[in-house]
Amino acid sequence: MQLISKGTNKEFYRDGDKFIKSFDASYSKADILNEALNQARVEETKLNVPHIHGASCIDGKWALVYDYIEGETLESLLKKHPDKTEQYIDFFVDLQIQMSKEKVPLLGHLRDKMHAKISASAYPATVRYDLHMRLDGLPRHMKLCHGDFQPSNVIVKKDGTPYIIDWAHATQGNGSADVARTYLLFKLQGKDEIAEKYLHLFCNKTDTAIQYVQKILPIVAASQSVKKKPEEMEFLNKWVNVCDWQ
C-alpha cells in the first residue's frame, strides 16, 4: 500500500486499483459513514464518480475504499498549461452544469445545512437573521450540489474523461449556491482572475444573472466562517457584511 499524500487529519493511499482514504480519531464516525452514503447515492447518477467498495475501522481509525482513478487533477493541468486556462474553465463549467441536472432525492438538503451553519457562526443575531432571510428567499430547487466543487476534485483520465471526487459535502438544493461556493473557494485561494472567468462563463452558459449569484455570496461566506480559519476571517467578514440592512 502506497502513501500518496496527507491532508488535515487524513491520509490517502493507493493499493493496486483501490484508493484508500484514512481518517484519524478526531473525525466523527457519523460524518465518515455519511460520506460513504453520499458517494453510494451519487454513483446512481450518470456522472463519472469513483465507486465506493467499503468502510472499515481498524484500531479506532476509519477508512473508506474507492476505485483508484488513474489521471491528473484539473488543478494540476491548470498549473501545467496556463495557456489553456480558458479551455479548462470552460470544461469545468460544463461539468458543473451537467452535475446540476442530476437529481439525488435521498441526499440532505442544502438549505438545511446552510441554516445550521449560519446559526453556528459567530456573527451577531442581526446579521444571522438577515442571512437566514436571504437563504429562505432563494428559489427551492433539488439540483445535485457538490459542496466543494473545485479543480482539485476533478480527475481527468488520459482519454479526457472527467471524474468528480470527494462527495463528503454533497446535498440537493439551489445550484447557484454551489456556484457561489466555488467562486468563494477561488477567491480564498487568491485566484481572482480564474474566479471572474468562471463566474461570468457559468452565468453566460446558464442565462443566470451575476447579481443572483452575488446575492448568495454572504450566505456561503458565513458558512465557510464556521471553519474558523484565522487567515480567512477578514475576507469572509467583508462579504458577510455586504448584507442589505432594512
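For the structure, see preceding data.
About the thresholds
- Residues numbered from 1 in each chain as written.
- Predicted model: local features only at pLDDT ≥ 70, side-chain atom pairs only at ≥ 80, totals over all residues.
- Heavy atoms only, no water.
- Helix = DSSP H or I, 4+ residues; strand = E, 2+ residues; numbered from the N terminus.
- Expected span 1.5 Å × (residues − 1).
- Buried < 20%, exposed > 50% of the residue type's maximum accessible area, 1.4 Å probe, protein only.
- Arc of directions from axis to C-beta.
- Salt bridge = Lys/Arg side-chain N within 4 Å of Asp/Glu carboxyl O.
- Pairing = 2+ DSSP bridges.
- Axes fitted to C-alpha atoms, helices over the stretch in contact; angles between N-to-C directions.
- Contact = heavy atoms within 4.5 Å.

Draft legend 1. A look at helix α7 (residues 192-206). Here α7 contains 15 residues, and its C-alpha end-to-end distance of 21 Å stays within 8% of the 21 Å for a straight helix at 1.5 Å per residue. For α7, every residue scored as buried is listed here: Ile 194, Ala 195, Tyr 198, Leu 199, Phe 202 and Cys 203. What you see down the axis of α7 is that its buried residues fit within an arc of 155°, all on one side. Along α7, the residues that are exposed and aim more than 90 degrees away from the buried face are Glu 193 and Asn 204. Of the residues flanking the end of α7, it is Asp 207, one or two places downstream, whose phi is positive at about 55°.

Draft legend 2. Structural context of the pattern of salt bridges. Under the defined criterion, the tally for this structure stands at 14 salt bridges. Glu 35 is the partner of Lys 21 in a salt bridge, and the nearest nitrogen-oxygen pair spans 2.7 Å. Of this pair, Lys 21 sits in strand β3 (residues 18-23) while Glu 35 sits in helix α1 (residues 29-42), and the two are 14 residues apart along the sequence. The network of salt bridges with shared partners includes Lys 21, Glu 35 and Asp 166.

Draft legend 3. Looking closely at the sheet that holds strand β1 (residues 2-7). Reading across from one edge, β1-β2-β3-β5-β4 is the order of the five strands in this open sheet, with antiparallel pairing throughout. Each edge of the open sheet is held by one strand with a lone partner, namely β1 and β4 (52-58). The mean angle between the axes of side-by-side strands here comes to 20°, regardless of whether they run parallel or antiparallel. Where strand β2 (residues 10-15) lies against β3, six bridges are found, and the strand directions are antiparallel. Residue pairing across strands places Phe 12 opposite Lys 21, the latter belonging to β3. Here α1 sits on the sheet and contacts β3, β4 and β5 (61-67); the angle it forms with β5, its principal contact strand, is near 10°.

Draft legend 4. Spotlight on the pairing of β1. In this structure, β1 lies alongside β2, joined through five bridges in antiparallel fashion. Bridged to Gln 2 within β2 is Arg 14. Connecting β1 to the next strand, β2, in antiparallel fashion are two residues, including Asn 9 with a positive phi near 65°.

Such coordinate-based values are descriptive only and should not be taken to indicate function.
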